[in-house]
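# Structural characterization, general
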Amino acid sequence: MSSNPQYLSGNEIRNIFLDFFAQRNHQILPSASLVPEDPTVLLTIAGMLPFKPIFLGQRTPEFKRATTSQKCIRTNDIENVGRTKRHQTFFEMLGNFSFGDYFKEQAIAWGWEISTQVFGFSPENLVVSVFEDDDEAFGIWRDQIGVPVARIKRLGEDDNFWASGPTGPCGPSSEIYYDFHPERGDENIDLEDDSRFIEFYNLVFMQYNRDASGNLTPLQNKNIDTGMGLERMAQILQKVPNNYETDLIFPIIQTAGQIAGVDYHSSDEKTKVSLKVIGDHIRAVIHMIADEIRASNVGRGYVLRRLIRRVVRHGRLIGISGEFTTQVAETAIALSESAYPNVRQREAAIKAELQREESNFLRTLDRGEKLLEEIIQEVKQQGETQISGESAFSLYDTYG
Ligand code: SER
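Attention in this report is confined to the structure presented alongside it. (Residues numbered from 1 in each chain as written. Predicted model: local features only at pLDDT ≥ 70, side-chain atom pairs only at ≥ 80, totals over all residues. Heavy atoms only, no water.)

## With respect to the overall build of the protein
The number of helices and strands found in the protein is 13 helices and nine strands. Radius of gyration (C-alpha) of the protein: 23 Å, near the 21 Å computed for a compact globule of 400 residues. Referenced to the eigenvectors of the C-alpha coordinate spread, the extents of the protein come out at roughly 75 × 50 × 40 Å. Buried positions account for 53% of the 400 residues belonging to the protein. Taken as a whole, the protein presents about 18100 Å² of accessible surface, with 46% of it coming from carbon and sulfur. Taken as two groups, the 42 positive and 57 negative side-chain charges of the protein have centres that lie 4 Å from each other. (Helix = DSSP H or I, 4+ residues; strand = E, 2+ residues; numbered from the N terminus. Rg over C-alpha atoms; globule rule 2.2 N^0.38 Å. Buried < 20%, exposed > 50% of the residue type's maximum accessible area, 1.4 Å probe, protein only. Areas by Shrake-Rupley, 256 points an atom, 1.4 Å probe, with all protein chains shown as cover. Lys, Arg positive; Asp, Glu negative; His and termini not counted. Charge placed at Lys NZ, Arg CZ, Asp CG, Glu CD.)

Okay, here's the thing in structure tokens:
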């Protein structure tokens, strides 16, 4: 029998998570900036990143337990955004952390409690995974929690060993998945099948440091780092088919749709992808600018410029001819400001940066389009049917 958990808004899910762990003596800490202190990464990619020096024993924590909702950006799969159910550049990661305090048993027990008792998921809808040789975690799930062995999967390093980068703190992990179709049975559970499963909570048993040659040495303490995807939880609890249709993102899509004069639900697939890209990227953009990143041609600034340009380009693809990014940004700011007041405080800077980048890019696009027409005319006159690789590269690289 599958469960029927109650609808919760994104803001409610965030508050419920933080409250649950605050009641269990975790200090609620504010999200750190998207600009990390850690020089090994360009942007904050996970909830644990601000705590890396604590895990490594370089900083003494003020609290043994903490809980956060951390703004994160990952752009490694940017081309998948809008095309899959759940790829995003910007997302919020809910986390509970133990710095040398509780470990595996407690993290698993609370992970199960919040999933089943608080968010109301029926055990029949849950499957868990553990690292292949982590018999201890397997035993806790089976004996203390009572998960049937057919629903505890052992997976390899790619899935169940977590590290923030090639070096640094890391450890085996255990993930909790939501099963949308438990009626399909336990025999052929394939956790990669995203029509059936979604991973929503990663419990990392942070206990090693990996050096540049790949050697693992035990950390001074055994720690816990967890990550629950807010947008994924919203997708499950709001019973929508993907992250973009949750209340955290969909209003932005509606604003973009209104400007373009298209309706998301009756649109073709291509238009939907563009609307989803706009919905996703503009969230990343407002938070990046709020955290003092400026568009440029290097590093974080380049990531920002690229995201803004992709928003503008997808706007054009759905028929928007003028400037529109500040309007979609306004919707994104309104959605985020209660949890992240700095987006409203930085509203003027966000809109000014967007306006400048957008109008520059639109001019570049216009020049590029004229150039393309000229190239096509030339090619036709020469009796050819293809433009040269060189022209194509120049159009893409210089004119977006
Ligand atoms: N660091 C882990 C992750 O990003 C758990 O928080 O999934």
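## Remarks on empty space enclosed by the protein
If you walk through the whole model with that rule in mind, you get one cavity of 30 Å³ or more. Considered as a void within the structure, the largest cavity measures approximately 30 Å³ in volume. Contributing to the lining of the largest cavity are Arg14, Glu92, Leu248, Arg283, Leu335 and Ser336. Classifying every residue of the lining of the largest cavity gives two nonpolar, one polar and three charged. (1 Å grid on protein atoms, 1.4 Å probe; cavity = no way out; pocket = protein on both sides within 12 Å on 5 of 7 lines; lining within 4 Å. Points joined across faces, edges and corners; volume = space filled by probe spheres on them. Nonpolar A, V, L, I, M, F, W, Y, C, P; charged D, E, K, R; others polar.)

## Considerations on the environment of glutamine 381
For glutamine 381, the position within the fold is in helix H12 (residues 347-381). For glutamine 381, a relative accessible area of 68% puts it in the exposed group. For the pair formed by glutamine 381 and proline 172, sequence separation is 209 residues and the distance between their alpha carbons is 63 Å.

## A short note on the layout of surface pockets
Gaps left between atoms show up when a probe the size of a water molecule is rolled over them. Roughly 1300 Å³ of internal volume is contained in the largest pocket. Taken together, 41 residues line the largest pocket, and the ones lying closest to its centre are Arg74, His87, Glu175, Glu199 and Arg232.

## Some words on the packing of aromatic side chains
Counted by the stated rule, this structure contains 16 aromatic pairs. Here phenylalanine 21 and tryptophan 110 contribute two aromatic rings whose centre-to-centre distance is 6.2 Å and whose plane-to-plane angle is 80°, an arrangement assigned as edge-to-face. With phenylalanine 21 in helix H1 (residues 10-22) and tryptophan 110 in helix H3 (residues 104-118), this pair connects stretches of sequence that are 89 residues apart. Across the pair, tryptophan 110 and phenylalanine 21 agree in class, each one buried. Between phenylalanine 51 and phenylalanine 97, the ring centres sit 4.7 Å apart and the planes meet at 55°, which makes this aromatic pair tilted. Of the two residues, phenylalanine 51 is situated in the loop between strand E1 (27-28) and helix H2 (52-55) and phenylalanine 97 in strand E3 (residues 90-98); the sequence distance between them amounts to 46 residues. What makes phenylalanine 97 buried here is its relative accessible area of 0%. Ring pairs connect the aromatic residues Phe17, Phe20, Phe21, Tyr102, Trp110 and Tyr201, which therefore count as one cluster. Lying across the ring of tyrosine 264, lysine 272 places its NZ or CZ 5.3 Å from the centre. (Phe/Tyr/Trp six-rings, centres within 6.5 Å; stacked < 30°, edge-to-face > 60°. Lys NZ or Arg CZ within 6 Å of the ring centre and 35° of its normal.)

## A short note on the environment of tyrosine 177
Take tyrosine 177: it is sitting in strand E7 (residues 168-179). Given a relative accessible area of 7%, tyrosine 177 falls into the buried group. Tyrosine 177 sits 20 residues away from phenylalanine 197 along the chain, and the two C-alpha atoms are 6.2 Å apart. Contacts of tyrosine 177, omitting those with residues within four sequence positions, involve Asn125, Leu126, Val127, Ser129, Leu155, Leu191, Phe197, Ile198, Glu199 and Phe200. Among the polar contacts made by the side chain of tyrosine 177, one reaches the side chain of glutamate 175 at a distance of 3.4 Å. (Contact = heavy atoms within 4.5 Å. Polar contact = N/O pair within 3.5 Å; in protein donor to acceptor, adjacent residues only side chain to side chain.)

## Regarding the state of the cysteines
Scanning the entire structure with this criterion turns up zero disulfides. With no disulfide of its own, cysteine 170 lies closest to cysteine 72 among cysteine sulfurs, the gap being 19 Å. (Disulfide = S-S within 2.5 Å.)

## A closer look at the nonpolar core
In this structure, Ile13, Phe119, Phe121, Trp141, Phe200, Tyr201 and Met288 are the most contacted members of the largest nonpolar core, which totals 86 residues. By residue number, the principal contributor to this core is helix H8 (residues 269-290), which donates 11 residues. Those residues in contact with tryptophan 141, other than ones at most four positions away along the chain, are Ile108, Trp112, Val128, Val130, Gly146, Val147, Ile152, Ser174, Ile176 and Leu203. (Core = buried A, V, L, I, M, F, W, Y, C linked by side-chain atoms within 4.5 Å.)

## Some remarks on the pattern of salt bridges
Counted under the stated rule, the structure contains 28 salt bridges. Between lysine 104 and aspartate 134 there is a salt bridge, and its shortest N-O distance comes to 2.9 Å. Of this pair, lysine 104 sits in helix H3 while aspartate 134 sits in the loop between strand E4 (126-131) and helix H4 (135-145); the two residues are 30 residues apart in sequence, bridging distant segments of the chain. You'll find lysine 104 and aspartate 134 in the same group, each marked buried. With a shortest N-O distance of 2.9 Å, aspartate 179 and arginine 196 are connected by a salt bridge. With a gap of 17 residues between them, aspartate 179 in strand E7 and arginine 196 in the loop between E7 and strand E8 (197-210) connect regions that are remote in the sequence. By relative accessible area, which is 0% here, aspartate 179 ends up buried. Where salt bridges share partners, they join Glu330, Glu337, Arg344, Glu347 and Lys351 into one cluster. (Salt bridge = Lys/Arg side-chain N within 4 Å of Asp/Glu carboxyl O.)

## A look at the pairing of strand E2 (residues 65-73)
Most of E2 is tucked away: nine of the nine residues are buried. Of the two faces of E2, the one carrying Arg65, Thr67, Ser69, Lys71 and Ile73 and the one carrying Ala66, Thr68, Gln70 and Cys72 are both buried. Where E1 lies against E2, two bridges are found, and the strand directions are parallel. By the bridge assignment for E2, isoleucine 28 is matched with threonine 67. (Pairing = 2+ DSSP bridges.)

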